[in-house]
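Coordinate analysis (summary)
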Number of protein chains: 2
Amino acid sequence: MRKDFKTAVAERRSHYSISKKTSVSDQTIREVVDHAVKYTPSAFNSQSARVVLLLNQEHDKMWDITKESLRKVVPADSFEPTNEKINSFKNGYGTVLYFEDQSVVEGLQEQFSLYKDNFPVWSQQSSGMLQFVVWTALAEEGFGGSLQHYNELIENDVKSEWNVPDNWKLIAQMPFGHPESEPGDKVFAPLENRIRVYK
Amino acid sequence: MRKDFKTAVAERRSHYSISKKTSVSDQTIREVVDHAVKYTPSAFNSQSARVVLLLNQEHDKMWDITKESLRKVVPADSFEPTNEKINSFKNGYGTVLYFEDQSVVEGLQEQFSLYKDNFPVWSQQSSGMLQFVVWTALAEEGFGGSLQHYNELIENDVKSEWNVPDNWKLIAQMPFGHPESEPGDKVFAPLENRIRVYK
């Protein structure tokens, strides 16, 4: 029995302790991503989101690339915590790379110049929606994931490794795998400071 | 019986033909918004999202404000389509106003200067996630809604009408109500142009 929408939303968490143990097929993971990309809304139905799904050894390669990029900028004598952090992501089974196609965004800017400044913002909002949908749908399949942002550091290497078009802008990375522990309690700010109702 | 997450995601659509007919209580609407604001993730769990929920006559007032703001910038002899558009939103029962608290974003920028340029972007992504969660959860309650962006045009008037703090930045407006017709078919771009899998 699948959970309902609100329960799925409430139960999605960041998982940093993940492993390659999984009984979910690559095909099912692919379907999760396909479904999310298809149905997540975008400004003017522009469908600017692009995704590269890396599984298994391709996932490992992704985090090796990130580690070597970090090695160039983090001092050698303080690299160990960084090394451990990246290994915790590499311990997972797959990574979803989120991109936004800038040629689509620029096309909208040319076509609707009145909203020129808004399209890049709406593109980011739509990417956020997609990240959330994939994250929650992966959790529904029993995966734990988190959202990482090594964008500028790794974008060129990622693009040449997986032959990603130049106009795809890297927005986020979501490593996921079998959750090896439960996340701790989450702290919530009082809702009365965040929501006002007038009726 | 509630739908599962994937079905709810697939069935959320933009509804422009909406009415005030509803058997859903204001309390239930409030709970939908509370739940979404509580559980939607944000960078560093900063919980920067703020919401003003306007129901009934307060909702009407919101679209009257928007209409009068538009009247100042749209030529009188071409105002009728604008008038009709705004009336279609006003025909609904409520509006969710989405804000991001800039004092939270700026606090993060000061605390973590390495990510200074990222926090405003992550704030927009998180707002997108929240918009999606509320939109889909309202659809689960039988409402139809859409996402509107009259931000710059109405922000000052909205803030003085509902006494919204200055540091809350207006991001989007979501009018919702009883759906009076089914949306047309949605056009989907081929997924093979949007998703690549390596394994």
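In case you missed it, the structure is sitting above this.
Here the structure is a predicted model, which means the values were calculated and not measured. (Residues numbered from 1 in each chain as written. Chains lettered and ligands numbered in written order. Predicted model: local features only at pLDDT ≥ 70, side-chain atom pairs only at ≥ 80, totals over all residues. Heavy atoms only, no water.)

1. A few points about the overall build of chain A
A count of helical and extended segments in chain A gives seven helices and six strands. In sequence order, chain A lays out its α and β elements as α-β-α-β-α-α-β-α-α-β-α-β-β. On C-alpha atoms alone, chain A measures out to a radius of gyration of 18 Å, which is about the 16 Å that the 2.2 N^0.38 rule sets for 199 residues. Taken over the C-alpha atoms alone, chain A extends approximately 50 × 40 × 35 Å along its principal axes. Considering only residue pairs separated by 6 or more positions, chain A has 84% of its internal contacts joining residues 24 or more positions apart. Each charge class in chain A can be summarised by its mean position, and for the 23 positive and 28 negative side chains these summaries are 5 Å apart. (Helix = DSSP H or I, 4+ residues; strand = E, 2+ residues; numbered from the N terminus. Rg over C-alpha atoms; globule rule 2.2 N^0.38 Å. Contact = heavy atoms within 4.5 Å. Lys, Arg positive; Asp, Glu negative; His and termini not counted. Charge placed at Lys NZ, Arg CZ, Asp CG, Glu CD.)

2. Notes on the interface of chain A and chain B
One widely used convention gives an interface's size as the accessible area the parts lose upon coming together. Each partner contributes to the interface: chain A provides 66 residues, whereas chain B provides 66 residues. When the two sides are added together, the surface that chain A and chain B hide from each other amounts to roughly 6400 Å², 63% of it contributed by carbon and sulfur. Its largest share of buried area at the contact with chain B, chain A owes to Phe5, Arg194 and Tyr198 of chain A, together 14% of the area lost on that side. Across the chain A-chain B interface, the total number found is two salt bridges. At the boundary of chain A with chain B, the tally comes to 32 residue pairs in polar contact (both at pLDDT 80 or more). Within the residue set of the side of chain A that touches chain B, elements represented by two or more residues are α1 (5-11), α2 (26-39), β2 (49-55), α3 (57-71), α6 (118-140), β5 (168-179) and β6 (195-198) of chain A. Per-element tally for the side of chain A that touches chain B: the top contributor is α6 of chain A, with 14 residues. (Buried area = accessible area lost by both parts, 1.4 Å probe. Salt bridge = Lys/Arg side-chain N within 4 Å of Asp/Glu carboxyl O. Polar contact = N/O pair within 3.5 Å; in protein donor to acceptor, adjacent residues only side chain to side chain.)

3. Quick look at the packing of helix α2 (residues 26-39) of chain B against helix α6 (residues 118-140) of chain B
Residues and elements named next belong to chain B. Where α2 meets α6, the axes come as close as 9 Å, and the angle between the chain directions of the two elements is 145°. The two elements α2 and α6 cross, and the hand of that crossing is right-handed. Along its contact with α2, which presents Ile29, Val32, Ala36 and Val37, the element α6 presents Leu130, Val133, Val134, Ala137 and Leu138. Residue composition of the contact of α2 with α6, by class: nine nonpolar, no polar and no charged. (Axes fitted to C-alpha atoms, helices over the stretch in contact; angles between N-to-C directions. Left-handed = near helix turned anticlockwise from the far one by under 90°. Nonpolar A, V, L, I, M, F, W, Y, C, P; charged D, E, K, R; others polar.)

4. A few points about the relation of the copies chain A and chain B
Each of the two chain copies goes to the other by way of a rotation about an axis and a shift along it. Relative to chain B, chain A is turned by 180° and slid 0.0 Å along the rotation axis, the superposed coordinates differing by an RMSD of 0.0 Å. Here the transformation between the copies is reduced to the relation of a two-fold axis. The residues that chain A uses at the interface reappear at the interface of chain B in 100% of cases, marking a shared surface. (Least-squares fit on C-alpha atoms with pLDDT ≥ 70 in both.)

5. Notes on the nonpolar core
Tyr98 of chain A together with Tyr98 of chain B are the most contacted members of the largest nonpolar core, which has 66 residues in total. Sequence-distant contacts of Tyr98 of chain A, defined by excluding residues within four places in its chain, comprise Arg50, Val51, Ser127, Leu130, Gln131, Val134, Leu147, Lys169, Leu170, Ile171, Ala172 and Met174 of chain A. (Core = buried A, V, L, I, M, F, W, Y, C linked by side-chain atoms within 4.5 Å. Buried < 20%, exposed > 50% of the residue type's maximum accessible area, 1.4 Å probe, protein only.)

6. What about the packing of aromatic side chains?
Aromatic rings considered in pairs are described by the distance between their centres and by the relative angle of their planes. Counted by the stated rule, this structure contains 27 aromatic pairs over all chains. Ring geometry for Tyr115 of chain B versus Trp122 of chain B: centroids 6.1 Å apart, planes at 45°, classification tilted. Classification of Trp122 of chain B as buried rests on a relative accessible area of 10%. By the ring-pair criterion, three or more aromatic residues cluster together here, those being Phe44, Phe112, Tyr115, Phe119 and Trp122 of chain A. Note that Arg12 of chain A overlies the ring of Trp135 of chain A, its terminal NZ or CZ placed 4.3 Å from the centroid. (Phe/Tyr/Trp six-rings, centres within 6.5 Å; stacked < 30°, edge-to-face > 60°. Lys NZ or Arg CZ within 6 Å of the ring centre and 35° of its normal.)

7. Remarks on the packing of α3 of chain A against helix α4 (residues 79-90) of chain A
Residue and element names in this part refer to chain A. Closest axis-to-axis distance for the α3/α4 pair is 9 Å, and the angle between their directions is 165°. Classified by the interaxial angle, the pair formed by α3 and α4 is roughly antiparallel. Judged by the sense of rotation from one axis to the other, the crossing of α3 with α4 is right-handed. On α4, the residues touching His59, Asp60, Trp63, Asp64, Thr66, Lys67, Leu70 and Arg71 of α3 are Phe79, Thr82, Asn83, Ile86, Asn87, Phe89 and Lys90. (Parallel < 35°, antiparallel > 145°, perpendicular 65-115°, else oblique.)

8. Some words on helix α7 (residues 151-161) of chain B
Residues and elements named next belong to chain B. Along α7, the positions that sit buried rather than exposed are Asn151, Ile154, Glu155, Val158 and Lys159. Take α7 and look down its axis: the buried residues cluster within an arc of 140°, on one side only. Structural note: α7 exposes Asn156 and Ser160 on the side pointing more than 90 degrees away from its buried face. The secondary structure elements touched by the buried residues of α7 are α3 (57-71), β3 (94-101) and β5 (168-179). Among the residues trailing α7, Asn163 stands out with phi positive, at a value near 55°. (Arc of directions from axis to C-beta.)

9. With respect to the pattern of salt bridges
Residue and element names in this part refer to chain A. In this structure the tally under the stated criterion is 26 salt bridges over all chains. The partner of Arg2 in a salt bridge is Glu141, with the nearest N and O atoms 3.3 Å apart. Here Arg2 is found in the segment before α1, whereas its partner Glu141 is found in the loop between α6 and β4 (144-145), with 139 residues between them in sequence. Among the charged side chains, a salt-bridge network with shared partners connects Lys3, Glu11 and Glu140.

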